[in-house]
There are 4 protein chains.
Amino acid sequence: MTDTDDAQAQHLAEKCAEIMLRDDQCSMAHGMALVEVSPGYAKVRMPVREDMLNGHGSCHGGMMFSLADTAFAVACNTRNQKCVAQHCDVSFVSPVVAGDVLEAVATERWRQGRSGIYDVTVVNRSGDTVAEFRGRSRTVAGMHIET
Amino acid sequence: MTDTDDAQAQHLAEKCAEIMLRDDQCSMAHGMALVEVSPGYAKVRMPVREDMLNGHGSCHGGMMFSLADTAFAVACNTRNQKCVAQHCDVSFVSPVVAGDVLEAVATERWRQGRSGIYDVTVVNRSGDTVAEFRGRSRTVAGMHIET
Amino acid sequence: MTDTDDAQAQHLAEKCAEIMLRDDQCSMAHGMALVEVSPGYAKVRMPVREDMLNGHGSCHGGMMFSLADTAFAVACNTRNQKCVAQHCDVSFVSPVVAGDVLEAVATERWRQGRSGIYDVTVVNRSGDTVAEFRGRSRTVAGMHIET
Amino acid sequence: MTDTDDAQAQHLAEKCAEIMLRDDQCSMAHGMALVEVSPGYAKVRMPVREDMLNGHGSCHGGMMFSLADTAFAVACNTRNQKCVAQHCDVSFVSPVVAGDVLEAVATERWRQGRSGIYDVTVVNRSGDTVAEFRGRSRTVAGMHIET
């Protein structure tokens, strides 16, 4: 790829992420914010609110999953081809409490044809891993931006 | 087990679920309601709200996961021993839109010592499966009710 | 379904399994034998040989997975439509030693269009669960028997 | 870590791998060979034999899993603490035929206390990814080498 190609791919990734998140009422309602995006990559941040705690007083697994899933969705949609999640798994390795701020970093492990595999690590404010997520995506019809 | 044992186990399951959900701010904030509970089993319902939609206009995977995870949490905590999720996976098999109502049914597949495996099927209002979830639990110190 | 439909579906399942396993050099080389088959269901047996043990002296996880994967493959191919595995996961819940005999029972959890989800439980000679496997299949072009 | 620490950790990793594989009858019977090892890392090679093919004429998923699982086992046992697999998953992304040679590369993603997460990529002779595996380990009592 030339520098121009790189710059175009980066521009496209930013536009796709902007459109994805602008329309994503769920991520917005949960206070998620995009920190960084590039082709096949996304970093998303979410402060852990009181209404995200479970019966044990720690962050509900579903909230950690939601954050990771959003980072995954942004990362796999950075090439202007609409993509959806097929199958995801997550290991919860450390509890998280209210007031902490989580960051999910999604990277592209493999991509071919209509399929992709993305790894997402969720870390707390101290940089400690709290969850490891892996998502498998599949393209569907449609683009984010008419080109 | 005698009938009395069964009745006691059922009573304990109901009490544990009540305590779990009463303190679960996240599940409450997401409009989840317990439909049914018994030892190793839970059914939880959640209407899909506008603020649960993703950028594709369908229910965010994280919301379906959260519902399944709550049913799993209730089911694995029905025996008064505190349990947490270690590892979960989910296959999203059909998209869900706003206005639909989801139900997650968690059943106990296997349990031994400190570990358990639970299957959760999420269905829509028509009874069609929209997600298949499996969770692996591990007991931690503490009980829900002093006995 | 009528009784005749049932009988035909059962006959087809048996024929597909026979063809699948006849050509499956790997399953044969590992001493696997079909115990039972019906539409969407398969039970496969495998004695644990010395050459299936790992460095800890217990049955290699890959051998337990192979047995479960074969039961899964038979079960998802019982309707004469060729199917392959896309994604599988397995929890190893108890160690197994040489001389034991394992049985894997595969059941169909969900199937729609080209996709299917199958649960496989692996038990030892005493009937105790040693592994819980879940496989996701996808149809490919071709049939086992010309109809 | 000093250079001396690094050299000792490397020496320990090599010794642990040697002991693990020397006693691993299954990996030996399947023609697996260690290519490279270092703390938390292992590369293992396996030629795909005729007796590793399934009913579709491609490499049995169980054989790809077994190779990945062996690389994972070596990698998580490199620190002289005995480790076993708890839960593994694998995505099969491309079929493999007889005569090809597979290599599995296991890297440590996360490790803390008794738990670890390892990623294993399986590639064919052309370097194309054929499977992506993730394993979660747990330490058990015992060491490989008395120190």
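Residues numbered from 1 in each chain as written. Chains lettered and ligands numbered in written order. Predicted model: local features only at pLDDT ≥ 70, side-chain atom pairs only at ≥ 80, totals over all residues.

**Let's talk about the overall build of chain A**
1) Next: When helices and strands are tallied, chain A shows 3 helices and 6 strands.
2) Next: When the elements of chain A are put in sequence order from the N terminus, they spell out α-α-β-β-α-β-β-β-β.
3) Next: For a compact globule of 147 residues, the expected C-alpha radius of gyration is about 15 Å, and chain A comes in at 15 Å, within 12% of that figure.
4) Next: In terms of principal-axis extent, the alpha carbons of chain A reach across some 50 × 25 × 25 Å.
5) Next: Burial statistics for chain A: of 147 residues in total, 49% are counted as buried.
6) Next: Contacts in chain A between residues far apart in sequence, at least 24 positions, make up 68% of those at least 6 positions apart. (Helix = DSSP H or I, 4+ residues; strand = E, 2+ residues; numbered from the N terminus. Rg over C-alpha atoms; globule rule 2.2 N^0.38 Å. Buried ≥ 20, exposed ≤ 12 C-beta atoms within 10 Å, placed from the backbone. Contact = placed C-beta atoms within 7 Å.)

**Topic: the relation of the copies chain D and chain C**
1) Next: Superposition record for chain D on chain C: RMSD 0.0 Å, screw rotation 180°, translation along axis 0.0 Å. When the rotation and shift are considered jointly, the pair of chain copies conforms to a two-fold rotation axis. Among all C-alpha atoms of chain D, that of Asp89 of chain D lies closest to the rotation axis, at 1.9 Å.
2) Next: In this assembly the copies share their binding face: 100% of the residues contributing to the interface of chain D also contribute to that of chain C. (Least-squares fit on C-alpha atoms with pLDDT ≥ 70 in both.)

**Topic: the interface of chain D and chain C**
1) Next: Counting from both sides, the interface comprises 32 residues of chain D and, opposite them, 32 residues of chain C.
2) Next: For the side of chain D that touches chain C, the secondary-structure elements that each account for two or more residues are α1 (3–22), α2 (25–29), α3 (61–76) and β3 (81–92) of chain D.
3) Next: In terms of residues, the side of chain D that touches chain C owes the most to one element, β3 of chain D, which gives 9 residues.
4) Next: Within the side of chain D that touches chain C, the residues separate by chemical class into 14 nonpolar, 12 polar and 6 charged.
5) Next: As judged from the 5 bridges shared by strand β3 (residues 81–92) of chain C and β3 of chain D, these two strands associate in the antiparallel manner. Across the sheet, His87 of chain C pairs through a bridge with Ser91 of chain D, a residue of β3 of chain D. (Nonpolar A, V, L, I, M, F, W, Y, C, P; charged D, E, K, R; others polar. Pairing = 2+ DSSP bridges.)

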